[in-house]
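Per-entry structural report
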Amino acid sequence: MIHPVIMAGGTGSRLWPLSRQLNPKQFLKLTDERLSMLQMTVARLDGMAAADPLLICNEEHRFLAAEQMRQSGFDDARIVLEPCGRNTAPAIALAALQIVKELGDDDEDPLMLVLAADHLIKDVAAFQAGVSRAVPLAQQGRLVTFGIVPGHPETGYGYIHRGSELAPGCFAVDSFVEKPDLDTARTYLASGDYLWNSGMFLFGARRYLKELGKHRPDILAICRAAVDDASQDLHFTRINASVFADCPEDSIDYAVMEKTSDAAVVSLDAGWSDIGSWSALWEVSEKDDRDNSFSGDVIAHETSSTLVRADSRLVATVGVEDLVIIETKDALLVAHKDKVQDVKKVVETIRNDGRHEHMNHREVYRPWGVYDSIDSGKRYQVKRITVKPGAKLSVQMHHHRAEHWIVVSGTAQVTNGEKTYLVTENQSTYIPVGQVHSLENPGVIDLELIEVQSGSYLGEDDIVRFEDLYGRT
């Protein structure tokens, strides 16, 4: 039995404006119209002798991760909340400790398949075959990584220099190599002895902890203490934040894989990409006869080798080539394909200027549904709110704003001070400043309403929660 561990942290700033801090690329439908990157990662486990996946994700993404796992058939998904980012070595240690803790004193060492939630693998059968080849090595105590057969001289990935062959397609690791310059990458490609470092692994949970304790005992000690004092919140496992905050930051490559004498690599040719930039997405996307990849409402004239994603309106191009054009409701990116690595600098500027476009989209997902900020001014804000059947917003109060609710469809059950009543289609109600209130959908269809906020301060942090189904009080 393999225990999949899916690393679902990170912000994906190179894919702005689609990827945002509160809705990063692993939760987006980048290469599939139906499934997010996380859901595709889960789907490629189908047919394997595997336990339910364990997710490691950030606190701020917990409800988004839980909802996407629910849509994938895991109503009570196991999700470990990482209080703060400390890179992959501690994150994988948290997962290993949690798996060992759940299984108890079983003599066998459970095999962990560590996957990133934001990778694309087109050939699922080849991926699963690679995992099968890695299992005997992991059972022998090897720490196995998966090396991607390079298709071109890539300077954006680290490389693995393979050593002696251990089994067909399986090799000892001679060395890990940093991202090379173009000439060096060409040399690696020509030699046939180098593989791209995918960041996917298979090894025994206890075996990994033993190697981590050997090479980075400080990381292991803090992770162990943080997991020992973890708590359950709904189906989330909350690691002790104050303990984990003292954990050093390090990657699994630096902390363990480059130091262990038992590293192995399995060669994998499965249409892999980490979708690390807009140009990488263009490369793996289906294209027309002029090498264009279009999504959404796009009209193109004399356009070639261009990626366009139009989310909310018509995008027209005339006489352009080698561009990336990404349109969302609140931002537009136009970049040359050769310069897309610098998108993260735009995100840094947005953050440093005190703007908000790096944080979230106009549409914001909550555990109870979604809201879209339609319009705003100095003392008002208009939102379109959708509440799922049976869902309820927290019992709350605002110090600085009043709210008007107009029901568009469905039925709302409103608590307004001491009164509780129903508001149906084309009816409205008013929530004064300072009034304790809540909103619930008692029906079997979505509740849609328009909320008009007015007041001196309209920020999302002007919420005092008294009761909450989702543990946010």
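Whatever comes next refers back to the structure up there.
Residues numbered from 1 in each chain as written. Predicted model: local features only at pLDDT ≥ 70, side-chain atom pairs only at ≥ 80, totals over all residues. Heavy atoms only, no water.

**With respect to the packing of helix 3 (residues 88-103) against helix 7 (residues 217-228)**
Rules: Axis definition: a line fitted to C-alpha atoms, limited for helices to the stretch in contact. Angles are taken between N-to-C directions and run from 0 to 180 degrees. Going along the chain from the N terminus, every DSSP run of H or I of four or more residues is numbered as a helix, and every run of E of two or more is numbered as a strand. Roughly parallel covers angles under 35 degrees, roughly antiparallel covers those over 145, roughly perpendicular covers 65 to 115, and oblique covers all other angles. Crossings are assigned a handedness: left-handed for a near helix turned anticlockwise from the far helix by less than a right angle, right-handed for a clockwise turn. Contacts are assigned to residue pairs that have any heavy atoms within 4.5 Å of one another. Only Asp, Glu, Lys and Arg are considered charged, only Ala, Val, Leu, Ile, Met, Phe, Trp, Tyr, Cys and Pro nonpolar, and every remaining residue, Gly among them, polar.
As a packed pair, helix 3 and helix 7 sit with axes 9 Å apart at the nearest point and diverge in direction by 50 degrees. By the criterion of interaxial angle, the relationship of helix 3 to helix 7 is oblique. Judged by the twist between their axes, the crossing of helix 3 over helix 7 is right-handed. Judged by residue contacts, Pro-90, Ala-93, Leu-94, Leu-97, Gln-98 and Lys-101 of helix 3 engage Ile-219, Cys-223, Arg-224, Val-227 and Asp-228 from helix 7. Grouping the amino acids of the contact of helix 3 with helix 7 by side-chain chemistry returns seven nonpolar, one polar and three charged.

**With respect to the nonpolar core**
The cut-off we apply is this: Note on terminology: a nonpolar core comprises buried Ala, Val, Leu, Ile, Met, Phe, Trp, Tyr and Cys residues joined through side-chain atoms within 4.5 Å. We call a residue buried when its accessible area falls under 20% of the maximum for its residue type, exposed when it is over 50%, and partly exposed in between, using a 1.4 Å probe and counting protein chains only.
With 44 residues, the main nonpolar core has Val-5, Met-112, Phe-203 and Tyr-208 as its most contacted residues. Counting residues per element, this core draws most heavily on helix 3, which supplies ten residues. Apart from residues lying up to four places away in sequence, Phe-203 is in contact with Ile-92, Pro-110, Leu-111, Met-112, Val-114, Ala-138, Arg-142, Leu-143, Val-144, Tyr-208 and Ile-252.

**Examining the state of the cysteines**
Definition in use: Throughout, disulfides are identified as pairs of cysteine sulfur atoms within 2.5 Å of each other.
In the structure shown here, the tally under the stated rule is zero disulfides. The thiol of Cys-57 is not disulfide-bonded; the next cysteine sulfur, from Cys-84, is found 14 Å away. Look at Cys-57 and you get buried, because its relative accessible area is 0%. Sulfur of Cys-84: no disulfide; nearest cysteine sulfur belongs to Cys-247 and is 8.1 Å away.

**Examining the packing of helix 3 against helix 6 (residues 205-215)**
One can describe the packing of helix 3 onto helix 6 by two numbers: an axis separation of 9 Å at closest approach and a directional angle of 135 degrees. Between helix 3 and helix 6, the interaxial angle falls into the category oblique. When the axes of helix 3 and helix 6 are compared, the crossing they make is left-handed. Mapping the contact onto sequence places Thr-88, Ala-89, Ile-92, Ala-93, Ala-96, Leu-97 and Val-100 in helix 3 and Ala-205, Arg-206, Tyr-208, Leu-209 and Leu-212 in helix 6.

**Focus on the pairing of strand 18 (residues 323-327)**
The cut-off we apply is this: Strands are labelled as partners when DSSP assigns at least two bridges between them.
Across the five residues of strand 18, five count as buried, placing the element largely inside the fold. One ladder, built from four bridges, connects strand 16 (residues 307-310) with strand 18; its direction is parallel. Directly across from Leu-307, in strand 18, lies its bridge partner Val-324. Pairing between strand 18 and strand 19 (residues 332-336): five bridges, direction antiparallel. Residue pairing across strands places Val-324 opposite Ala-335, the latter belonging to strand 19. Taking the residues that link successive antiparallel strands as the turn, the strand 18-strand 19 hairpin has four residues.

**With respect to empty space enclosed by the protein**
Rules: Both cavities and pockets are sets of points on a 1 Å grid over the protein atoms alone; in a cavity a 1.4 Å probe fits but cannot get out, in a pocket the set is open with protein on both sides within 12 Å along at least five of seven lines, and lining residues sit with an atom within 4 Å of a point. Grid points are joined across faces, edges and corners, and a volume is the space filled by probe spheres set on the points.
Scanning the entire structure with this criterion turns up two cavities of 30 Å³ or more. Estimated volume of the largest cavity: approximately 220 Å³. Only strand 22 (380-387), strand 24 (401-409), strand 28 (437-440) and strand 29 (447-455) provide two or more residues apiece to the lining of the largest cavity. Classifying every residue of the lining of the largest cavity gives seven nonpolar, six polar and eight charged. Counted as a void, the second largest cavity has a volume near 70 Å³. Lining of the second largest cavity is provided by Thr-11, Ser-13, Trp-16, Ser-19, Arg-20, Gln-21, Val-347, Arg-351 and His-358. Partitioning the lining of the second largest cavity into residue classes produces two nonpolar, five polar and two charged.

**Brief notes about the sheet that holds strand 14 (residues 293-295)**
Ordered in space as 14-16-18-19, the four strands form an open sheet in which the pairing is mixed. Only two strands of the sheet have a single partner each, and these edge strands are strand 14 and strand 19. The mean angle between the axes of side-by-side strands here comes to 5 degrees, regardless of whether they run parallel or antiparallel.

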